[in-house]
Structures are given as C-alpha cells and as structure tokens.
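Descriptive structure summary
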Amino acid sequence: MHADRLKSLAATALAVGLILPFLPLEIWSVAHGWRFPDLLPRETSTKAWTYAFSSTAGVLESFALTTFIALTTTLLAALVGVPAGRALGLYRFRGKGLVTLLLLAPAILPGLAMVFGLHSIFLRLGLNGTVSGVILAHLVPVLPYMTLVMAAVFANFDPAFEDQARSLGASPFQTFRHVTLPAISPGLLTGALFSFLVSWSQYLLTLAIGGGRVQTLPLLLFSFAASGRNDVTGAIALLYIVPGLVIVLVTAHQVSGRGAALTGGLRP
Amino acid sequence: MTTLTLAGLTKTYPGTDRPALDRLDLAIESGSLTSLLGPSGCGKTTTMKLIAGLLAPDAGEIVLNGRSIHGLVPERRGVAMVLQNPLLFPHLTVGGNIGFGLKMRGLSSTEIARQVDPMLARVHLDGMGHRPPTALSGGQQQRAALARALILKPKVLLLDEPLSNLDAGLREEMQTLIRTLQRETGITTLVVTHDQAEAVALSDRIALLFGGKLAQHGPPEDFYRRPASKAVARFFGGVNFVPGRSQAGTFQSVLGPLALSKGLADGDHLLTVRPEALRLSPGPNARRARVDAVAFLGTQTRIDLSVAGVNLQALKAPDEAATLRPGMEIDISLPPDALWLLPSGDH
C-alpha cells in the first residue's frame, strides 16, 4: 500500500517534471501578447497555429522533410547496422576491438569536432546543401546506436535456429524473413526508434552540411526563436515533439516492461 | 529406396592441424536406421553437418540416390536435420513449428493444417498445436522437433543426439518412438550418438568413428562378437585381451593352448573374450582360476580372476556369483565360439 502510493507519487512527479517545461510553449502558442508581470496572457488567439499550418510558413514542408530524412537515415542505418551488429554480436574476428571503438567514436566525439572535416569532404563530393548529404551526415551519429543495439541483440541469438530452418527447406531469404527477423525485431525496433529520434533532433550537422538549404524542423524552430516570434516558436515546438510522443506511446511496452527489446525473442 | 554413400569425405576446420573427418567411406543402407557412434570430437557431428549441407567438405563426395549433392544448398538436398536442442521457433505455435517446412514449400494453410494434425497425433502431441513451444516439456519439445522434420518426408533424416537432453525415463520413450516412426515411414535415418548402449538399442547398423576415421561399420552384434580392433572392443566394454599366436585353430599364449572356432586367421594376434561369455564352470578350454575380487554392480556382478598371471574379468548374474569369495580357486572355461582374434598391432 505504502509502496504503491510512493510509486504513484514518483510517477506524478516525473510526469509533472516532463510536462512542466512544455507548459509555457503551449501557452505561448495560443497567446496574443504575453507580458510581464501577467501570469497568463490576457487574450488568446489561434493566429500562431493558423500561421504554422499555412502554406507560407513552410512548417508543414519542413515537417515532411524532417520525417523523410529521419526515416531514410533509419532505414540506411538498419541496412548497415543489422549485418554489422550480427558480425559483432556473433563472431570473433581479428581487430574486433578496433572496429567497435571506431563504431563508438562518433558517439563519444562531440559533433563539432568532426563537422568541419565532414564539411570539406562533402564540399568536394558536391554533397553540401543536399538532402542526401544531410542524410549521410546524420548516419554518423546514428549508426553507432543501431549497430551496438543490434550487436547486443545478436549476442543473445542462437544461429543454430538458422541452420535448423535451412535444413527444413527454407532459403536464406526465407530463413531471414521467418526466423531471424522475428527474433531480432524487438531489438531492431528499439534501434530504429533511437535512430529516428537522433536524426530528428539533429541540429548542428543539418546546419553545417545543409548550409541553410535543407530546412529541417529544428532549424526552422531555431530561426523563429531567434527572431522573437515566441507564439510561432511555441506552435512549432509542440509539432516538433509529436513524433517522440507518438513513438513512446505506441511502443512503450516494447521498449520497457517485458524487457523483450534487448534480449530478443529467441531466449527460452 | 534411398541410397546414401559417403566417399573419401574429409574436413579440416580452420585453425586445426588434425582433420575432423579423414577420408570417410560409408555406404548407408536404404531404409535403415544407422547410428554414427563415437566419443566427442570423433567427427560424427561434422559428418552430419556435411550431409545436411551446413558445412562444405574439403574433399570427397556425398552421393544421394546416385547423384552427388556436392555444392547443393541445404534446402535442396531433401535431407532434414533435427539438432540436439529442439530449437522450436519461439514466435510460432507448436503447430506452426511442425508446419514450418511445408509453409516454406509454399503450401496453403489448409493443406498444412491437414498434414499437421495427424503428425501431432503421431508424436503424441494431440491438441497441443496451438500452444507456444515454451508450454511443452523437454520431451514434448523434442517430439515436436522430430515431427517438424518427419512431416517433410525427407529422403534422409538426420538426428543429432536426440536423447541426450532427456531424463532416463523419457529416453526410452523417445527411443521407442523414433524406432516406431522410422519403421513405419522407412525413411533412411542417421542418428549421431556418443552412447554405445543407445546406438545398440536403436539401430540396424552402427558406424563407429574414432578420430575422424571409420573404425567399424556393421550390425550392433558385430561390435560385441567380432570387433575390428582393440579400441573398438574397449569402446563396447571389452576388457580381456591376451597376446599370442594362432595356428591351425589353436591359440598359443601364457594361458596355454586354447581351441578356437573355425575360420580365424593364423599369425600373431590379440585374443579377446567378452566378460559375459566367460564361463564359471568346467567345459572346453577349461582353466583353474583364482578369484581376486567380487563387485556387485546391481544387475550384474563383476568377478576379477587371475589365470596363470593373466587378469581376466567376468560379468555374471548376481545369483550365479553369489557363492564366490576373493581367494577361492575355481574352474572356468573359455568357450571356443566366444573367442575372437584382434590384430596384434594396436595393444
């Protein structure tokens, strides 16, 4: 009884702590002027929202572009991260420690340290200012997450299941589709969520490589904030947290709870 | 009819200098249940994986029904393998597992269901098709794994240590089930095992491997009555070996002349006699023996004897040995038809 009450108290505190910072945003987005020392704005207005959804603001295009970049980055990260994670999780090979370190490096190094190098290389390749360039740049911080999550997943996967499937007449593709994928999918989902959110919230790399021509939501948000449009900033900021919120709500039970995410489905 | 022939099969794993399998020649009889027997590391599991196509041989051929299956991918070989652990796919039901191979062949779900139900019954898992594999006991999981392979009606069925994860009681049940299903279906079956008692109880024929080489291939009785070498005899519980020379049906050794049965070759040999075949009574080839020790082993009693300085061991029913005490002098005999000669080279 006591523990239950403590638990719900903690949950409430956590929820309040998470929601409270967003409260001013919500109020700003519907305020028509909000001056000190008023506790709440005197008048409300839907002007900011109307503007945010209008075609002139570019918010919706930016939302679509950011989603496209994050999804593509996630897909590419999965295409590389699943086989790489399999190699790291299942096999011993020469130089495995070095490979792991190199994979971890982007997660350890500050983005600022590599962004200039990346910029000059991309300049030569003509990738600066392009969506493809931005996606490639996003892969740098995203790949380590995906690969390391998949390495943990495969470390708990028994490849004998694949031999068994082959011996029962499954082709390599069928084996992956019907045996390996179901086993790794909870972990793959976790890795994909991380990847999506890391790409979605990327500011520095997008700014440096996109050169202002690739306007993702964080860039747009920052420019409205810098220009003092607090009401529009509030509206965009709320749109900006939508994917994170949706992802958490939809997959909460996968990522936490049953603990299935990292251990994979194939453990007895 | 399925003929499976292994010819000169050789496999060396990277990083090892001794081949795991060394020029193995083996002709598996069609429709038989053959055990690949041997101590761990003898190459029996390697042989199985080579037949299944999960490993590629360095040299040699695997010929199935007159055609080499070299280079053929596992799913095209018509060979189904049941691994040591049941390895039921955890995201599928028991029925889904048994129907897995049929689904891979592209059969419709109604056709799969039509075949899965009777198969569930054959392995005594009636009504358990909708359960998750984790709801089954170890023995039931093993049976489901067997059904999953059998339903494909493979040309060759490979079973890797099918009984090793089961308790004694379940072992016998599973042994009977494998035997029954194999006889009913007539599928040429290869069982890998390290347990000679299991191989004897289960198989029509045994192929015994030592260090990647075939030591002997034949019906189970041969391994007791006509072992090919001292190592084979020892693997099957042979303990009595006496060096000497055979000539014209008589064996000369420190035991004195012993009459042999007909057809044994002349020359230097190692004489062997099964401990069960030694008689503790006078008869042909009678000798005087001293009892050194008597050990009660439950269903049998082991009697250590010495005859002219040679130690011999006898295994007898406890009743027969009840009156024996260490130090007693008794009459024993070595029946000529129980005497067998081994090459003298390998003792």
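Note that the coordinates shown come from a computational prediction; the quantities given were computed from them, not determined experimentally.

Helices and strands together make up the secondary structure of chain B, namely 9 helices and 19 strands. Considering only C-alpha atoms, chain B reaches an extent of 75 × 45 × 40 Å along its principal axes. By the burial criterion, 39% of the 347 residues in chain B qualify as buried. Here the contacts in chain B between residues at least 6 apart in sequence split such that 66% fall between residues at least 24 apart.

Counting its regular elements, chain A contains 14 helices and 0 strands. Of the regular secondary structure in chain A, the N- to C-terminal order runs α-α-α-α-α-α-α-α-α-α-α-α-α-α. Considering only C-alpha atoms, chain A reaches an extent of 70 × 65 × 35 Å along its principal axes. Per-residue burial over chain A gives 35% buried out of 268 residues. For chain A, contacts bridging at least 24 residues in sequence account for 75% of all contacts bridging at least 6.

Let us look at the domain arrangement of chain B. In many analyses, interface size is given as the accessible surface area lost on bringing the parts together. Residues and elements named next belong to chain B. The domains assigned to chain B are domain 1 (4-230) and domain 2 (239-346). Taking only C-alpha atoms into account, the centre of domain 1 sits 39 Å from that of domain 2. Taken together, the contact pairs 6 residues of domain 1 with 7 residues of domain 2. Each residue belonging to the side of domain 1 that touches domain 2 can be placed in one class, and the counts come to 2 nonpolar, 1 polar and 3 charged.

Right, let's get into the sheet that holds strand S1 (residues 4-11) of chain B. Residues and elements named next belong to chain B. Within the open sheet, the 4 strands sit side by side as S2-S1-S4-S5. Their pairing is antiparallel. The open sheet has two edge strands with one neighbour each: strand S2 (21-28) and strand S5 (67-68). Strand direction decides the pairing type here: S1 and strand S4 (residues 59-64), joined by 5 bridges, are antiparallel. By the bridge assignment, Leu6 is partnered in S4 with Ile62. In the packing of helix H1 (residues 44-52) onto the sheet, contacts are made with S1, S2 and S4, and the angle to S1 comes to roughly 115°.

Now for the environment of Val239 of chain B. Relative to the helices and strands, Val239 of chain B is located in the loop between helix H9 (230-235) and strand S11 (241-247). With 17 C-beta atoms packed within 10 Å, Val239 of chain B lands in the partly exposed category.

This part covers the interface of chain A and chain B. Across the boundary between the two partners, chain A contributes 16 residues, which contact 20 residues of chain B. Every element with two or more residues in the side of chain A that touches chain B is listed here: helix H8 (160-167) and helix H9 (172-200) of chain A. At 6 residues, H8 of chain A tops the list of elements feeding residues into the side of chain A that touches chain B.

Turning our eyes to something else, we now look at the confidence of the model for chain B. The predicted model of chain B averages 91 in pLDDT, with 99% of residues at 70 or higher. Among the scores for the predicted complex, ipTM is 0.82 and pTM is 0.80.

Let us now look at the environment of Ser40 of chain B. All names here are of chain B. Turning to its location among the elements, Ser40 is positioned in the loop between strand S3 (33-37) and H1. Of the residues examined, Ser40 has 7 C-beta atoms within 10 Å and is grouped as exposed. Through-space distance from the C-alpha of Ser40 to that of Leu209 is 9.9 Å; in sequence the pair is 169 residues apart.

So, about the packing of helix H5 (residues 138-150) of chain B against helix H6 (residues 168-185) of chain B. All names here are of chain B. Taken N-terminus to C-terminus, the directions of H5 and H6 make an angle of 15°; their axes are 11 Å apart at the nearest point. Considering the angle they form, H5 stands roughly parallel to H6. Where H5 crosses over H6, the two elements pack in a sense that is right-handed. For the pair H5 and H6, contact is made by Gly139, Gln142, Arg143 and Leu150 and by Leu170, Glu173, Met174, Leu177, Leu181 and Thr185, respectively. Of the residues assigned to the contact of H5 with H6, the class counts are 5 nonpolar, 3 polar and 2 charged.

Moving on, we come to the packing of helix H4 (residues 59-90) of chain A against H9 of chain A. All names here are of chain A. H9 packs onto H4 with a crossing angle of 135° between their chain directions and a minimal axis gap of 8 Å. On the basis of their axis angle, the class for H4 and H9 is oblique. The way H4 lies across H9 gives a crossing that is right-handed. Residues Thr66, Ile69, Ala70, Thr73, Thr74, Ala77, Ala78, Gly81 and Val82 of H4 pack against Leu188, Gly191, Ala192, Ser195, Phe196, Ser199 and Trp200 of H9.

As judged from the 5 bridges shared by S1 of chain B and S2 of chain B, these two strands associate in the antiparallel manner. Residue pairing in the sheet places Leu4 of chain B in a bridge with Ile28 of chain B of S2 of chain B.

Another point: the nonpolar core. Core analysis: the largest hydrophobic core is formed by 127 residues, its most contacted members being Ala147 and Leu158 of chain B. Residues in contact with Ala147 of chain B, not counting those within four places in the same chain, are Ile98, Met119, Leu120, Arg122 and Val123 of chain B. In this structure, Ala52, Leu221, Val232 and Leu239 of chain A belong to the second largest nonpolar core, which totals 13 residues.

What counts, and at which threshold
Residues numbered from 1 in each chain as written. Chains lettered and ligands numbered in written order. Predicted model: local features only at pLDDT ≥ 70, side-chain atom pairs only at ≥ 80, totals over all residues. Helix = DSSP H or I, 4+ residues; strand = E, 2+ residues; numbered from the N terminus. Buried ≥ 20, exposed ≤ 12 C-beta atoms within 10 Å, placed from the backbone. Contact = placed C-beta atoms within 7 Å. Domains from an automatic or database assignment. Nonpolar A, V, L, I, M, F, W, Y, C, P; charged D, E, K, R; others polar. Pairing = 2+ DSSP bridges. Axes fitted to C-alpha atoms, helices over the stretch in contact; angles between N-to-C directions. pLDDT = per-residue confidence, 0-100. Parallel < 35°, antiparallel > 145°, perpendicular 65-115°, else oblique. Left-handed = near helix turned anticlockwise from the far one by under 90°. Core = buried A, V, L, I, M, F, W, Y, C linked by C-beta atoms within 7 Å.

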